[in-house]
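A structural walkthrough
Below, each chain spelled out in residue letters.
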Amino acid sequence: MKKRSSRLFLMMVVSVLFLFSVIACSNKQSNGDKDSTDNGNSNSKEKVEITFWHNWETGPSGESIEKSVQKFNETHPDIVVKPVYVAPDGGDSVSSKLVTAVAGGNPPDVMLASRYGIAEYKEALEPIGELAAKDGITEDNFYKWAWGEASYEGELLALPYDGTARALFYNKEHFREAGLDPENPPTTIEELEIAAEKLTKKENGKYTRFGFIPWFGEGWLYSWGWAFGGEFVDNDNIVTANDPKIVDALKWETDFAEKFGIKDVTSFVSSAGTNATNPFFTGQLSMMVTGNWMLSQIEEYAPDLDYGVTYIPTPSGEDFNTFVGGRVLLIPKGVKNLDASWEFVKWMCATEEGQSFKKITGEFAAMPEVNEKLYADDPSQDIFLEVLPNGKYRPVVLAGNMMWDELAKAPDLVMNKQGTPQEILDGITEKINKEIENKKAQLE
Amino acid sequence: MSNLTEVTNVKAKASKKTTSMETRIRRAGILFALPWIIGLLAFYAYPLFSSMYYSLTNYNVISPSQWIGFENYITLFNDDLFWKGLKNTLAYALMQVPLAIMFGVTLAMLLNLPVFGQGFLRTVFFLPSLLPVIATTILWQWLLNPQFGLVNAFLEKIGITGPGWLGDTTWSKPSLVIMTLWVLGNSILIYLAGLQDISKDYYEAADIDGANWLQKTFHITIPLLTPVIFFNMIMGVIHALQEFTLPYALTYGTGNPAESLLFYSMYLYNNAFLYMKMGYASAMAWILFVVVMLITVVLLKSSGKWVFYQGDD
């Protein structure tokens, strides 16, 4: 008796599963049919509609997307780009959504993504190297940092769209107050330390103003590692985060904190506000390393701030460089209208018209000649434009996201006595290289 | 099931006319449950078993996965961050669960007192549970702000220099515990229901015997509340071991300061969605499942000694 009932149950389960698979199959079929007819129609008729995923909805960034798409749609009567906002899942990244969409067989046609880390999901991307070569788009059109960060081991993964650079911002009023020359900001690490000390104010045993905190804002270990002359990978693309110069940079950062009291410094950083309450705007911090997007924020939140922008100091006071990040426009694998997608990507990234919309956000185009025109009459961008050709980009490796996370944690680990700079960076180097090896073995 | 067999028996006899009312009801019942059965199979059973399979491969969602046996598990046992995440999570659970029970039971007993404005007070204590976790996070980030926060300002007034709270490795986890103790509304609600479930007879008998308030609390209320405490404890342990949103929103996934807020599920998430190591993350999920199971079994075994049900003997 019992056997029979369980058999009945099993049969039900099987039939349900069967039903499921039938529904799934028939769905796929009908979808496929529809698509093919759609394609046929669009070829014979006119308009192709493509979906464009981006993660900028509001503010100047949102405006730049909207206006770019509008212009493209006007100038390309046969293609309609439909921008779709996709919420980022962490920082600037929408990679997990892209990967899921590609795996599910329903990707967007074009996506705006952080350039950094795309190597890790390169199998979800349509290789566009040939398309670029066919249309005469080469690395000569772009900055080295743009093209380099968009390629993995010589293979172009996506077209670079823009760039963001970093520099030292300083409060001129505070400089005058502390007896420093506001037109002569520090250029060496030593001068920076002296200025920081003079600018720092303490009342009743409590800091009311900090001159400088190395890792505040955009003072990543990448920024300082490069300023100290270090390199994060060698010629064979092996990670060298324990480069002696990077160790020096980390040591300098943490020694700096020790001088002012680690607890005071860390509690200041952890309680610092953003936007209108940014300590640099409120006068609680006199100098900070930050990106060029801060120019428009200052205009918005602290228009009366008397400030200057200068190079990120280096130990020698020369060879200034900057950490450049930015985005690409990529084409996911399996898109239906590759030609239309490529047309849009090409227009956005490799034409003066498309790139000129970067002016709205105050960020940089990936093409040097466009920037020269865009910011010709904007002196506040001078320092950035000057160091931009010397911009450094994060190494394109298969464990870039992990490397970022690990390096971002490094100062914190050192300050909390989890190891010396050398030990921490040795550990990171070993870990990342091992991870890359594993991922490479998996690809083969 | 025995009814089901009856159905088959009836069918076997192939007497369609005798298809009883009951059989048709059975059939309708199954039909009505079918959406649920389908849902369960498609959205629970399938992902569950596929994650078990993927934990034995190096799956990254896009490229075809390769069978690597138990390599993920072996690598995990040599992964510092895995252990750190596990330790942080267990340490947090060890602090959070007992405190949550103590706080919850105390508050529930106070809110059960027939005082003026009882309903209002109950609402006030439940309200924080209605806030989205992210809002709670931001709110407490400001309250616990070492420099401008209300908590440290208050401590300073009574002569104590407040700690760095979320910026301090020793205080970061306790800070998190404090935040969660603020949103106990749901478990208080369950405790309240449990308190009202305790038969008045016991209290009347105790009154006649001349027991005081303290004796009644420790000899009647708490013992008879143990089934509810037990339920909340199990749920609390499971929640604490899966804690994700709060530390993730607080630290943007970094686990700062010095990885002291790197929780197990945060590291799992990073592996799955940031480092594209879905197989590795699946293995982590199964280990977490085993840990939760083990702890639950231990608690369940121990419950015989300290959980009392009304009207048992």
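Quick caveat, the model's predicted, so the values are computed rather than measured.

Cut-offs applied
- Residues numbered from 1 in each chain as written.
- Chains lettered and ligands numbered in written order.
- Predicted model: local features only at pLDDT ≥ 70, side-chain atom pairs only at ≥ 80, totals over all residues.
- Heavy atoms only, no water.
- Salt bridge = Lys/Arg side-chain N within 4 Å of Asp/Glu carboxyl O.
- Helix = DSSP H or I, 4+ residues; strand = E, 2+ residues; numbered from the N terminus.
- Buried < 20%, exposed > 50% of the residue type's maximum accessible area, 1.4 Å probe, protein only.
- Axes fitted to C-alpha atoms, helices over the stretch in contact; angles between N-to-C directions.
- Parallel < 35°, antiparallel > 145°, perpendicular 65-115°, else oblique.
- Left-handed = near helix turned anticlockwise from the far one by under 90°.
- Contact = heavy atoms within 4.5 Å.
- Nonpolar A, V, L, I, M, F, W, Y, C, P; charged D, E, K, R; others polar.
- Pairing = 2+ DSSP bridges.
- Expected span 1.5 Å × (residues − 1).
- Bend = angle between axes of the 7 residues up to and from the residue.
- Core = buried A, V, L, I, M, F, W, Y, C linked by side-chain atoms within 4.5 Å.

Details of the pattern of salt bridges
As enumerated under the stated definition, the model contains 30 salt bridges over all chains in all. Among the salt bridges present, the one from A:Asp162 reaches A:Lys358, with a minimum N-O distance of 2.7 Å. Residue A:Asp162 is found in strand β7 (residues 162–163), and its partner A:Lys358 is found in the loop between α14 (352–355) and β15 (364–365); the two are separated by 196 residues along the sequence. Each member of the pair, A:Asp162 as well as A:Lys358, carries the same accessibility label: buried. B:Glu22 is the salt-bridge partner of B:Arg26, the closest N and O atoms lying 3.8 Å from each other. In this pair, B:Arg26 and B:Glu22 are both assigned in helix α2 (residues 21–54), four residues apart and thus about one turn of the helix distant. Residue classification places B:Glu22 among the partly exposed positions, given a relative accessible area of 40%. Through salt bridges with shared partners, a single network forms among A:Glu406, A:Lys409, A:Lys431, B:Lys84 and B:Glu259.

Some thoughts on the packing of helix α11 (residues 213–241) of chain B against helix α14 (residues 278–306) of chain B
Residue and element names in this part refer to chain B. It is the contact of α11 with α14, at a shortest axis distance of 10 Å, that shows an interaxial angle of 165°. It follows that α11 is roughly antiparallel to α14 by the angle criterion. Like other packed secondary-structure pairs, α11 and α14 cross with a definite hand, here right-handed. Where α11 abuts α14, its residues Thr 226, Ile 229, Phe 230, Met 233, Ile 234, Val 237, Ile 238 and Leu 241 lie against Leu 288, Val 291, Val 292, Ile 295, Thr 296, Leu 299, Leu 300, Ser 303 and Trp 306. For the contact of α11 with α14, the residue count by class is 14 nonpolar, three polar and no charged.

As for unusual backbone geometry
Trans peptide bonds make up the majority, and among non-glycine residues the majority have a negative phi. Residue and element names in this part refer to chain A. Located in the positive-phi region is Glu 153, a residue other than glycine, with phi close to 45°. Phi is positive for Asp 319, close to 55°, though the residue is something other than glycine. On the basis of relative accessibility, which here comes to 62%, the residue Asp 319 falls in the exposed class.

Section: the sheet that holds strand β3 (residues 110–114) of chain A
Residues and elements named next belong to chain A. With mixed pairing, five strands are arranged side by side in an open sheet as β2-β1-β3-β14-β6. Both outer strands of the open sheet, β2 (79–85) and β6 (159–160), are each paired with one neighbouring strand and no more. Here strand β1 (residues 48–54) pairs with β3 via two bridges, running parallel. For Trp 53, the partnering residue across the bridge sits in β3 and is Met 111.

Some details on helix α17 (residues 400–415) of chain A
Residue and element names in this part refer to chain A. The end-to-end C-alpha distance of α17 is 24 Å, a good match for the 22 Å that 16 residues give at a rise of 1.5 Å each. Taken as a whole, α17 carries its principal kink of about 35° at Lys 409; the proline Pro 411 stands between one and four residues after it. Counted residue by residue, α17 has 15 buried out of 16 residues, so it is predominantly covered. At the exit of α17 stands Lys 417, carrying a positive phi of roughly 60°.

Comments concerning the nonpolar core
In this structure, A:Leu159 and A:Trp224 are the most contacted members of the largest nonpolar core, which totals 184 residues. Residues contacting A:Leu159, with those up to four places away along its chain left out, are A:Ile128, A:Ile137, A:Phe142, A:Trp147, A:Val328, A:Leu329, A:Trp342, A:Val345, A:Lys346, A:Cys349 and A:Ala350. A:Tyr222, A:Val239, A:Ile246 and B:Leu274 belong to the second largest nonpolar core, which has 29 residues in total.

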